[in-house]
Number of protein chains: 2
Amino acid sequence: MAPSAVTSSCVSAAALDHLPVKLAGKAPGQNGTTNGLQLRDVHTTSLVLRTFRCLIADLCEQFKGGHPGGAMGMAAIGVALWKYVMRYSPENPNFFNRDRFVLSNGHTCLWQYTFMHLVGYKNMTLDQLKSYHSTRTDSICPGHPEIEHEGIEVTTGPLGQGIANAVGLAMATKNLAATYNKPGFELVNNKTWCMIGDACLQEGVALEAISLAGHWRLDNLIVMYDNNQVTCDGSVDLANTEDVNAKMTASGWEVLEVADGDNNVEAIVAALVTARSSNSGKPVFVNIKTTIGVGSKVAGDAKAHGAAFGAEEVANIKKASGFDPEKHFVVSDTVYDFFGEIKSRGRHLESEWRELVSDYGNAYPDLAYEFALRVKGQFTKDWANIIPAKEDLPTAPTASRKSAGLVCNPLAERLKTFMVGTADLSPSVNMIWRDKVDFQHPDLRPTCGITGDYTGRYIHWGIREHAMAAISNGLAAFNKGTILPVTSSFFMFYLYAAPAVRMGALQRLQAIHIATHDSIGTGEDGPTHQPIELAALYRAMPNLLYMRPADSEETAGAFMTALSATDTPSILSLSRQNLTQYPQYSRRDGVARGAYVFIEQEDADVTLIGVGSEMSFAVRARDVLLERFNLKARVVSFPCQRLFERQPREYKAEVLQYRAGIPRVVIEAYAVNGWERYADAGYSMSSFGHSLPGAAAYKYFGYDDEVIAERVSAFVGEVKREGMESIRGEFRDLNVSEH
Amino acid sequence: MAPSAVTSSCVSAAALDHLPVKLAGKAPGQNGTTNGLQLRDVHTTSLVLRTFRCLIADLCEQFKGGHPGGAMGMAAIGVALWKYVMRYSPENPNFFNRDRFVLSNGHTCLWQYTFMHLVGYKNMTLDQLKSYHSTRTDSICPGHPEIEHEGIEVTTGPLGQGIANAVGLAMATKNLAATYNKPGFELVNNKTWCMIGDACLQEGVALEAISLAGHWRLDNLIVMYDNNQVTCDGSVDLANTEDVNAKMTASGWEVLEVADGDNNVEAIVAALVTARSSNSGKPVFVNIKTTIGVGSKVAGDAKAHGAAFGAEEVANIKKASGFDPEKHFVVSDTVYDFFGEIKSRGRHLESEWRELVSDYGNAYPDLAYEFALRVKGQFTKDWANIIPAKEDLPTAPTASRKSAGLVCNPLAERLKTFMVGTADLSPSVNMIWRDKVDFQHPDLRPTCGITGDYTGRYIHWGIREHAMAAISNGLAAFNKGTILPVTSSFFMFYLYAAPAVRMGALQRLQAIHIATHDSIGTGEDGPTHQPIELAALYRAMPNLLYMRPADSEETAGAFMTALSATDTPSILSLSRQNLTQYPQYSRRDGVARGAYVFIEQEDADVTLIGVGSEMSFAVRARDVLLERFNLKARVVSFPCQRLFERQPREYKAEVLQYRAGIPRVVIEAYAVNGWERYADAGYSMSSFGHSLPGAAAYKYFGYDDEVIAERVSAFVGEVKREGMESIRGEFRDLNVSEH
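Residues numbered from 1 in each chain as written. Chains lettered and ligands numbered in written order. Predicted model: local features only at pLDDT ≥ 70, side-chain atom pairs only at ≥ 80, totals over all residues. Heavy atoms only, no water.

Quick notes on the packing of aromatic side chains
Residue and element names in this part refer to chain A.
Then step 1. Taken as a whole, this structure holds 94 aromatic pairs over all chains when the rule is applied.
Then step 2. Note that R593 overlies the ring of Y651, its terminal NZ or CZ placed 3.8 Å from the centroid.
Then step 3. Directly above the ring of F617 sits R620, whose terminal nitrogen or CZ lies 5.2 Å from the centroid. (Phe/Tyr/Trp six-rings, centres within 6.5 Å; stacked < 30°, edge-to-face > 60°. Lys NZ or Arg CZ within 6 Å of the ring centre and 35° of its normal.)

Some words on the sheet that holds strand 18 (residues 606-610) of chain A
Residues and elements named next belong to chain A.
Then step 1. With respect to topology, six strands assemble into an open sheet ordered 17-19-18-20-21-22, the strand pairing being mixed. Taken across any chain shown, the strands that pair with only one partner, and hence form the sheet edges, are strand 17 (596-599) and strand 22 (732-733).
Then step 2. Set on the sheet, helix 28 (residues 705-722) makes contact with strand 18, strand 20 (664-667), strand 21 (681-683) and strand 22; between it and strand 21 the angle comes to about 170°. (Pairing = 2+ DSSP bridges. Helix = DSSP H or I, 4+ residues; strand = E, 2+ residues; numbered from the N terminus. Contact = heavy atoms within 4.5 Å. Axes fitted to C-alpha atoms, helices over the stretch in contact; angles between N-to-C directions.)

As for unusual backbone geometry
Residues and elements named next belong to chain B.
Then step 1. Residue H133 is not a glycine yet carries a positive backbone phi of 65°.
Then step 2. Following the sequence through the fold, H133 ends up in the loop between helix 6 (126-129) and helix 7 (161-180).
Then step 3. Residue H133 is classed as buried on the basis of its relative accessible area, which comes to 14%.
Then step 4. Even without glycine at this site, N630 takes up a positive phi of about 55°.
Then step 5. Overall, the relative accessible area of 61% leaves N630 in the exposed class. (Buried < 20%, exposed > 50% of the residue type's maximum accessible area, 1.4 Å probe, protein only.)

What about the UniProt feature "site: Important for catalytic activity" (unreviewed entry) in chain A?
Residues and elements named next belong to chain A.
Then step 1. Under the present numbering, the feature "site: Important for catalytic activity" (unreviewed entry) in UniProt falls on H67 and H305. The largest pairwise C-alpha distance within this set of annotated residues, which runs over 239 residues, is 5.6 Å, so the set is compact in three dimensions.
Then step 2. Inspection of the secondary structure assignment puts H67 in the loop between helix 2 (42-62) and helix 3 (68-73).
Then step 3. Relative to the helices and strands, H305 resides in the loop between strand 8 (284-289) and helix 11 (311-320).
Then step 4. Looking at H305, the relative accessible area reads 12%, which means it is buried.
Then step 5. In this structure H305 touches G66, H67, P68, G69, H107, C232 and I292, once residues within four positions along its chain are discounted. (UniProt positions renumbered as here; feature names shortened; annotations may be inferred.)

Re the packing of helix 24 (residues 615-629) of chain A against helix 28 of chain A
Residue and element names in this part refer to chain A.
Then step 1. Packing of helix 24 against helix 28 brings their axes to within 8 Å, and their N-to-C directions diverge by 65°. In this structure, helix 24 crosses over helix 28, and the sense of that crossing is right-handed. For the pair formed by helix 24 and helix 28, the contact residues are F617, R620, A621, V624, L625, R628 and F629 on the first element and D705, E706, I708, A709, E710, V712 and S713 on the second.
Then step 2. Class assignment of the residues belonging to the contact of helix 24 with helix 28 gives a composition of eight nonpolar, one polar and five charged. (Left-handed = near helix turned anticlockwise from the far one by under 90°. Nonpolar A, V, L, I, M, F, W, Y, C, P; charged D, E, K, R; others polar.)

In structure tokens:
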């Protein structure tokens, strides 16, 4: 199917009525000679474009770095978007119903910063623009956009993440709209705009997210493709010769094209207006042909991508633009004036919305109350009361993936904040609650029997772990606390999701990742499915809580900790196999401290550190040590290293007793890396796993109470003979397997 | 464009001539009534399919687990592939020019194992088949196919990896064919067949690989899509409603369809023969409609996917199949006989090929000699002589990404074994050698000016880090040592590639990953591009060498180590910024031992562990410690933890001097996790990075010679006052930053 080329005839007057601003005092759509739009006079638009491009060149030149080419090439798109089409309020970047904008090609951030400056974001001064690539630590213009700074919706940079975030932002709008909007009360109806380059369109996470957006028919999502056909290596043809438009169409997207994206602001406006008002029931892909570094001598070349032009060329660009080459960072009043109306427009948008919300409060007081709480990022019920008490948890052996369902499902049932999904593992992860509704487009029911609608909060992500986590970042970023994404998959496949989990941690976005099948206990699926080294990544990742609860009580504690951590994503690492329950020892509040004494023991000969799904080996080895070797062991439960690190030194000393001269052995079926901080010896994995039933896999790798007790006993014996001094600085691996 | 439905009329007699076996003694293509093919009689084929399905049901039932549904649904595809179309030799699974087969939907491995049994792989006995999901540690039938076992080309299981591996296998054929084939001498002309399910087609890594295969026009790659429209969660429509065929077409693939993949072996054979002989110049996607669990009462349902059917239902399946429900694992002689000719066919294929190679040796003796070395997996030149000597390396400050180019590019220039590529970072990673030729389809030159051909060994991967690593696994797996893939990107984006890097380590596939921009020294790109926690993953990953060389000499050592490690992938972690060169201290052979004494010091007060790009902080801090604090420091260089772990205990003690009572401080701008094994204190990162120029970023986070020396001095002072005993079990973080 051929995409629609946007020409004069295809923008209807009705569509143009949706424009947030009257265009140059004329009724739009009346003038066939300018593609149906009469924008500000051509001279002013040209001045704005030339000014913008020279400013970009100056900003990159001052410190001889940055990405000028893309930003210059996207100038006309920026004018169309920031001045004519997008609805937002520069004076209140957090206006709830604002259109969201995501710069998926984050390296072109100067483009966004500069437009934010021109339209009047108050912190984005010219002085701040000049801090790009500087040594100033107060800069709000980092090398890629960062969510910490006003007006930036999500941090981007790692390619492909941004468009996936945008899908999440658009989903959030759909879900909130379906939940709260009423006839005459469009409380939430914002659009999500995403700028994307050639690179993002190659990344797998973007391709996954594109499939999902098409599947969900997110017609409130508009992706603007800066089609300049250049990446770092040169022509895109070096690595990609596919038919992008046809691929997007096949993925369920509406495709529009703009032939001259360098200068034809009117055509871009027309396309974006068409996209904004599209009633195709599909997300819209606007393919805009541009020239990287337009206006410079390296226009259209990869050289324009990632380096400053050099002073001489910057001077040439200015001369060609009709400016004084000796003057730098020049923005005339005419240019500022061009964008002058945007602030008042934003104020107006916001006041209209506040009035609407106020009227809604009269018409639907209960919903309005709930909506207000959601806007404030507050839960609508006290979650602490929903979490099962210890006495309501199972005492018979239970897989912690089941325990997680027992805790999470009642929360998800009662709290609309929860959006819970799985990467195609519904039967395995147990995250389905009573009467859950799937997040789906309602039209799927008649066409293929799939139930659900946009109020649905259970998400079938398909087999797309990376997009699951990246889109969840978008859900969480919509407005702090309004949506809590809960993802689920096998722990091993959070390696696929890792780049997005990291972006969540970096952005301080709360999310809960339910990671089941978390050790060699996973069994028959074998080494491809048995995590060994993955915990080392997540334990080292800043601002992430990787928690391995040992039983149902600790699982409840892990959820409480994760729910309290409103600036931090959490991974709950859970077993496939049944775990012994320890109601006599385990404590939910212990999880919050990272580690705690599980079984205290006077005159202990050794401290055994038990971890998560392998706790029972520690407890049973303790019995064997006493019975066979007359050695007394205390047991520490250690679900989370990062939480433990936050404890006072005294608490740490009390739990680990490192002053007492009692050797400590950690028992876990992972690579030991990182445990050396807390233990003197480790009973751990030094190889990949093996395809065997779970219990047999444990045994194969030496996870056997008797064998563990023997090796621990030998180690303790050595320490007793030779003194603690003898093991100083030489961590002992007690389970060096032959496999 | 509508895909071609394969019907009686579309398989030409010429195409059928390519069938590796005469079909039932008839000239093929003469009988219009059976889709142009006359296969063995319909009754026998039906018996084979029924036998196969009942065997699968029995094998899953014995231990109540496994994935029967997909294997049963793909029975007819298997008959078509293993009996009629694929060229291989069961008696020599390593026959060089065999067709490669990859089971991307690896959970259906019983399907492959069972066909391998039926066609006569000698190790794949019925007894072995019964070991699937058993506790037998000698099983060659793990829960997913594993490369260790004869006849398995690559380990699969994590979805999406297999098809990417298949792309690599097909590339290997193209490259070898272009390099060695001559008119009349098609030494290498095998096809790569890949089975794929609905799940793989959703994974980003597969979508990246699909784009690349289309771009490269790999017409020797045939992907057979087991289109059963069911995944774990249920209907594929729950998460994917895109037009798969149109998407494949847009990605540059030829699409064929088979409407009845359950039973119509003839139609499948016709499609596969068409695919095998296609001259479209495109990879071929054969969309085959099947029914998961066909023949069972849960046919077409997700319940058939991942669980045994239960004894009663297995009995029902057998009854419906006309078999005795009381008998298990039954394969009649008729069925074995049906596959009986395959062994001799394989022997014939192989002897023909050996004759061809022999004749080639007479016609092209030099090339034949080189080819023979490649087949044996040997380098054609002594790589050790190509690596620059110490005196030929730079002494002025040099970025280690540049050092890597100095070492690698002469190797790549002279050794055809090297296939080197980059995820669109050619200007940054410096891996281009003189007169390098790109791996490209030659027809791109006239159509879009892209140069290169299939002899090319420089690969533009595009912005597809995950596929880069996954496809490289396929390159390496083609035949051990024949191709050495070298990938390159920023270190941070090896997080995108991590699932594939892991699969390489698990499969013992040699590869070298050039990971530049490896710390906060990366600078302005900011925290999204500055790795902090990633090294913890790769240091914990079994069978992977993560090496951080400190200068050019150590970079040479890292390459020597990586080249010697023929069963292990390596990551070379390299700086963006210039590094001080230490020819007086650094030693290439030191890298091979993981760590070594860089600067020895009598009566040392402290050991400073310097690592890679941050080595200069250790060396300069040493000077400050002496000058300002009168403290003597020795310095250890520690490029690789895993290599150090392999050293004898005495060597470790000598390097780290942990018996000597000298406290050890590691200095690295990463999360410290794992270093606690070797150090008593760490100067490390406890947060994500910051967007600042590299030098400023270091300073911002306390990486400053004076500050480091002050903190180390305070720590050493405390130890001197209170004794080594005082720090036992309490690792000290000397750089707890406020950021």
